Amino acid sequence: MAASEAGPIEPLGAGDLDACMALSIEAGWNQTADDWRHFIREGRSFGNRAPDGRLVASAAALPYDGPFGFVSMVLVTADWRRRGLATRLVDRCVEELQARGLVPVLDATAAGAEVYRKQGFVGQFGFDRWQGMLPVAKAAAEAAPGADRIRALDAEAAGAGRARLMDDFLGRDGTIAVGDGNGFALARAGRRAIQAGPVVAADETVALGLIDRLFAALAGFVFIDVPQAWRRIGDWLKARGFEIQRSFTRMALGRAEPFGLPARQFAVAGPEFG
Ligand SMILES: CC(C)(COP(=O)(O)OP(=O)(O)OC[C@H]1O[C@@H](n2cnc3c(N)ncnc32)[C@H](O)[C@@H]1OP(=O)(O)O)[C@@H](O)C(=O)NCCC(=O)NCCS
């Protein structure tokens with residue numbers, strides 16, 4: 001390969017974990033090594049290396065049990081951008097998911113949306129990343145539904161089975177869940193902030209109650225990704241000193257209609273998982 005060219009797309013494995021983390025840290029993202037491990041173990045992750053062997057670009061395809069799979073972790077280090085690496089990596093992830101009969105779905109940053117629109121991805125809805133500080137935990141987490149119920153409620157709202165993802169979240173140190181048989185709210189440790197979500201509930205009033213209970217059990221800097229339709233939740237977060245850090249667009253290849261039951265999804269699991 002010429003010194004100015006990246007190598008071919010390669011599959012990434014457990015040995016690439018540190019290099020993957022370096023890419024997401026450079027972008028200021030919140031994913032942990034546990035998140036990258038999930039992509040490497042449960043999906044297919046790809047990357048390109050510079051002539052010196054350094055990983056300079058990544059993307060991951062994560063199949064779900066249902067009509068769609070997720071494209072994630074599209075990252076290109078600053079000095080390798082605008083050479084088509086992201087486009088080719090996303091194409092590779094699309095092939096991977098389509099070969100399994102799944103519609104490729106992703107959550108785009110503003111920069112990412114520029115790339116994906118050209119590839120035929122269509123916007124479904126927007127959501128805002130709210131960030132804020134919860135100074136002290138006021139209460140221990142109350143009762144939460146069992147893992148089976150969480151898996152079922154999540155699958156119904158998201159529109160695809162994500163049992164391995166829910167089990168992974170629930171098995172991590174620092175994960176907190178609240179809820180009952182009809183809804184739940186989860187929070188897990190992130191690199192920069194606690195990541196709250198998913199939040200699944202019958203309506204916005206119930207969802208607010210769940211978020212309130214979840215927040216009562218948390219202390220620290222928190223991110224929560226809330227679809228823009230939920231204005232009362234946005235107002236409630238603002239009243240607690242939260243602010244919008246940035247916004248994302250849920251996009252799917254050639255499909256504008258969201259999957260699942262958007263009326264029951266009050267926070268997504270995070271832009272890397274949908
Ligand atoms: C977004 C990102 C992955 C793009 O990677 P890339 O390898 O530079 O993208 P490509 O070279 O494949 O870009 C393809 C096209 O998308 C558009 N595009 C890419 N980045 C753009 C930007 N920042 N602004 C406007 N258009 C952009 C351009 O039309 C580009 O074609 P061109 O260079 O011929 O004009 C990279 O900028 C990045 O890692 N950003 C930080 C992390 C991030 O936001 N990732 C996306 C997560 S959803």
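Residues numbered from 1 in each chain as written. Predicted model: local features only at pLDDT ≥ 70, side-chain atom pairs only at ≥ 80, totals over all residues. Heavy atoms only, no water.

## Brief notes about empty space enclosed by the protein
Selection criterion: With a 1 Å grid laid over protein atoms only, a set of points is called a cavity when a 1.4 Å probe fits there but cannot get out and a pocket when it is open yet has protein on both sides within 12 Å along at least five of seven lines; lining residues have an atom within 4 Å of a point. Grid points are joined across faces, edges and corners, and a volume is the space filled by probe spheres set on the points. Labels follow the DSSP assignment, with helices taken as runs of H or I lasting at least four residues and strands as runs of E lasting at least two, numbered in each case from the N terminus. Three residue categories are used. Nonpolar comprises Ala, Val, Leu, Ile, Met, Phe, Trp, Tyr, Cys and Pro, charged comprises Asp, Glu, Lys and Arg, and polar comprises the others, including Gly.
Counted under the stated rule, the structure contains three cavities of 30 Å³ or more. Every residue along the wall of the largest cavity is listed here: H38, E42, L62, P63, Y64, D65, G161, R162, A163, R164 and L165. Only helix 2 (33-42), strand 3 (55-63) and helix 6 (163-171) provide two or more residues apiece to the lining of the largest cavity. Considering every element that reaches the lining of the largest cavity, the biggest residue donor is helix 6, with three residues. Across the lining of the largest cavity, the residue classes break down as five nonpolar, two polar and four charged.

## Looking at the packing of helix 1 (residues 17-26) against helix 2
Which entries qualify depends on this criterion: Axes here mean lines fitted to C-alpha atoms, for a helix over just the part in contact, with angles spanning 0 to 180 degrees between N-to-C directions. When describing relative orientation, an angle under 35 degrees is termed roughly parallel and one over 145 degrees roughly antiparallel, while 65 to 115 degrees is termed roughly perpendicular and anything else oblique. Crossing chirality is assigned from the near helix's rotation relative to the far helix, an anticlockwise turn below a right angle marking it left-handed and a clockwise turn marking it right-handed. Note on contacts: a residue pair qualifies if any of its non-hydrogen atoms lie within 4.5 Å across the two residues.
Look at helix 1 against helix 2: their axes get within 10 Å of each other, and the N-to-C directions meet at 120°. Looking at the two axes, helix 1 sits oblique to helix 2. Note on packing geometry: the crossing formed by helix 1 with helix 2 is right-handed. When helix 1 is examined against helix 2, the residues L17, C20, M21 and S24 are found in contact with a partner set consisting of A33, W36, R37 and I40. Considered class by class, the residues forming the contact of helix 1 with helix 2 number six nonpolar, one polar and one charged.

## Observations concerning the environment of F184
Defined as follows: Throughout this description, buried means an accessible area under 20% of the type-specific maximum (1.4 Å probe, protein chains only), exposed means over 50%, and partly exposed covers the range between.
Tracing the backbone shows F184 in strand 8 (residues 183-188). For F184, a relative accessible area of 0% translates into the label buried. When near neighbours in sequence (up to four residues on either side) are disregarded, F184 contacts P145, I150, L153, D154, V178, G179, P198, V199, V200 and L210.

## A closer look at the site of the ligand
Keep this limit in mind: Any residue with a non-hydrogen atom lying within 4 Å of a molecule or strand is treated as near it. Any pair of nitrogen or oxygen atoms within 3.5 Å is treated as a polar contact; in protein, a donor-acceptor pairing is required on top of that, and neighbouring residues in sequence qualify only through side-chain atoms on both sides. Accessible areas in this description were obtained via Shrake-Rupley with a 1.4 Å probe; residue shielding takes into account the shown protein chains only. For this analysis, a molecule is said to be in a pocket or cavity if more than half of its atoms are within 2 Å of the grid points defining it.
The local shell around the ligand holds 20 residues, among which V74, R82, G84, T87 and K118 are the closest. A distance of 2.9 Å separates an oxygen atom of the ligand from a polar atom in the backbone of V76. For the ligand, an oxygen atom lies 2.5 Å from a polar atom in the side chain of T87. In the complex, 76% of the free accessible area of the ligand, which totals 900 Å², lies under the protein chains. Applying the majority rule of atoms within 2 Å of the grid points places the ligand in the largest pocket. Of all the secondary structure elements, the ones that give two or more residues to the shell around the ligand are strand 4 (68-76), helix 3 (85-98), strand 5 (103-108) and helix 4 (110-118). The greatest single-element share of the shell around the ligand, amounting to six residues, is contributed by helix 4. Class assignment of the residues belonging to the shell around the ligand gives a composition of ten nonpolar, four polar and six charged.

## A few points about helix 2
Three or more residues of helix 2 are buried, namely D35, W36, H38, F39 and I40. Buried residues in helix 2 make contact with helix 1, strand 2 (44-49), strand 3, strand 4, helix 6 and strand 8.

## Some details on the nonpolar core
The condition that has to hold: For our purposes a nonpolar core is just a set of buried Ala, Val, Leu, Ile, Met, Phe, Trp, Tyr and Cys residues, chained together by side-chain atoms within 4.5 Å. For the domain bounds, the source is a domain assignment made automatically or taken from a database.
In this structure, W36, Y64, F68, F169 and F273 are the most contacted members of the largest nonpolar core, which totals 33 residues. The residues that make up this core include at least three from each of domain 1 (10-119) and domain 2 (127-246). Excluding anything up to four places from it in sequence, W36 contacts L17, C20, M21, S24, S58, M73 and L75.

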